[in-house]
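Fold and geometry: a report
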Amino acid sequence: MARAVAIIIARIIFSFVFFMAAGFKFADIGATAAYIAAAGFPMATFLSWVAAFFEIALALAFISGAFFTEASLLAGIYVIFLAFSFHGPSHWQQNQAEFGFFIDHFTFLAGLLFAAVHGPEKWALRHSLIK
């Protein structure tokens, strides 16, 4: 029972993180677009909307357990992409805190990989493309 409770809490935390990230994007899509453009990406407003809806989809997958393994793996790819794109080595000289933000993404990746391997546990919709 303790294992199931721990995994449910982790799912809630993952969901909350992605719901919160999407919420910030929806609250000021222009600021998100400016941040994306400053990193050198084209079509920043479009990418802002894509990121927000992607984060909502991830949050729903984590909270429901549907496509949990796939969501965990996609989220892992996403957070490492974000680490290198927005907090990578080119940012460390200007602000050493960026190195900490960069490393935090790898900690998150570790949790997501662990989740991908162990699955959503009890109280989950068990749809998956990966067996």
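Residues numbered from 1 in each chain as written. Predicted model: local features only at pLDDT ≥ 70, side-chain atom pairs only at ≥ 80, totals over all residues. Heavy atoms only, no water.

Two elements in contact, helix H2 (residues 29-38) and helix H3 (residues 44-64), have axes whose closest approach is 8 Å; the angle formed by their N-to-C orientations is 115°. The pairing of H2 with H3 is recorded here as roughly perpendicular in orientation. Crossing of H2 against H3: the hand is right-handed. Residue-level contacts link Ile 29, Thr 32, Ala 33, Ile 36 and Ala 37 of H2 to Ala 44, Thr 45, Leu 47, Ser 48 and Trp 49 of H3. Among the residues forming the contact of H2 with H3, the class breakdown is seven nonpolar, three polar and no charged. (Axes fitted to C-alpha atoms, helices over the stretch in contact; angles between N-to-C directions. Helix = DSSP H or I, 4+ residues; strand = E, 2+ residues; numbered from the N terminus. Parallel < 35°, antiparallel > 145°, perpendicular 65-115°, else oblique. Left-handed = near helix turned anticlockwise from the far one by under 90°. Contact = heavy atoms within 4.5 Å. Nonpolar A, V, L, I, M, F, W, Y, C, P; charged D, E, K, R; others polar.)

Under the counting rule described, the total for this entry stands at two salt bridges. For Arg 3, the salt bridge goes to Glu 121, with nearest N and O atoms at 2.9 Å. Of this pair, Arg 3 sits in helix H1 (residues 2-27) while Glu 121 sits in the segment after helix H6 (97-118), and the two are 118 residues apart along the sequence. Note on Arg 3: relative accessible area 48%, which makes it partly exposed. Linking Lys 25 and Glu 55 is a salt bridge whose minimum nitrogen-to-oxygen distance equals 3.0 Å. Of the two residues, Lys 25 is situated in helix H1 and Glu 55 in helix H3; the sequence distance between them amounts to 30 residues. You can call Glu 55 buried: its relative accessible area is 2%. (Salt bridge = Lys/Arg side-chain N within 4 Å of Asp/Glu carboxyl O. Buried < 20%, exposed > 50% of the residue type's maximum accessible area, 1.4 Å probe, protein only.)

Despite not being glycine, Met 43 has its phi angle at roughly 50°, a positive value. Structurally, the position occupied by Met 43 is in the loop between H2 and H3. Of note in the backbone geometry, Phe 67 takes a positive phi value of approximately 55° without being a glycine. By the secondary structure assignment, Phe 67 is in the loop between H3 and helix H4 (68-87). The exposure class assigned to Phe 67 is partly exposed, which follows from its relative accessible area of 37%.

Attention now goes to a nonpolar patch on the surface. Together, Met 1, Val 5, Ile 9, Ile 13, Phe 16, Val 17, Met 20, Phe 24 and Trp 123 line one region of the surface with nonpolar side chains, adding up to about 960 Å² of accessible area. Structurally, Phe 16 is set in helix H1. (Patch = residues over 30% accessible without salt bridge, like charges linked within 9 Å, V, L, I, M, F, W, Y side chains within 5 Å. Areas by Shrake-Rupley, 256 points an atom, 1.4 Å probe, with all protein chains shown as cover.)

Quick look at the packing of aromatic side chains now. What describes a pair of aromatic rings is the distance from one ring centre to the other and the angle between the planes of the rings. For the structure on display, the rule yields 17 aromatic pairs. Plain terms: the ring middles of Phe 84 and Phe 102 are 5.0 Å apart, the flat faces sit at 85° to each other, and that makes the pair edge-to-face. You can see Phe 84 sitting in helix H4 and its partner Phe 102 sitting in helix H6, a full 18 residues away along the chain. One aromatic cluster is present, formed by Phe 14, Phe 18, Phe 62, Phe 68 and Phe 108 through successive ring pairs. (Phe/Tyr/Trp six-rings, centres within 6.5 Å; stacked < 30°, edge-to-face > 60°.)

It is worth spelling out the UniProt feature "transmembrane region" (unreviewed entry) in the protein chain at this point. The feature "transmembrane region" (unreviewed entry), as given by UniProt, occupies residues 7-27, 33-54, 66-87 and 99-117 in the numbering adopted here. Secondary structure over residues 66-87 splits into 91% helix and 0% strand, and the C-alpha atoms at its two ends are 31 Å apart. (UniProt positions renumbered as here; feature names shortened; annotations may be inferred.)

To continue, consider the nonpolar core. Residues Phe 18, Leu 58, Phe 62, Val 79 and Leu 112 are the most contacted members of the largest nonpolar core, which totals 22 residues. Discounting chain neighbours no more than four positions away, the residues touching Val 79 are Phe 18, His 105, Phe 108, Leu 109 and Leu 112. (Core = buried A, V, L, I, M, F, W, Y, C linked by side-chain atoms within 4.5 Å.)

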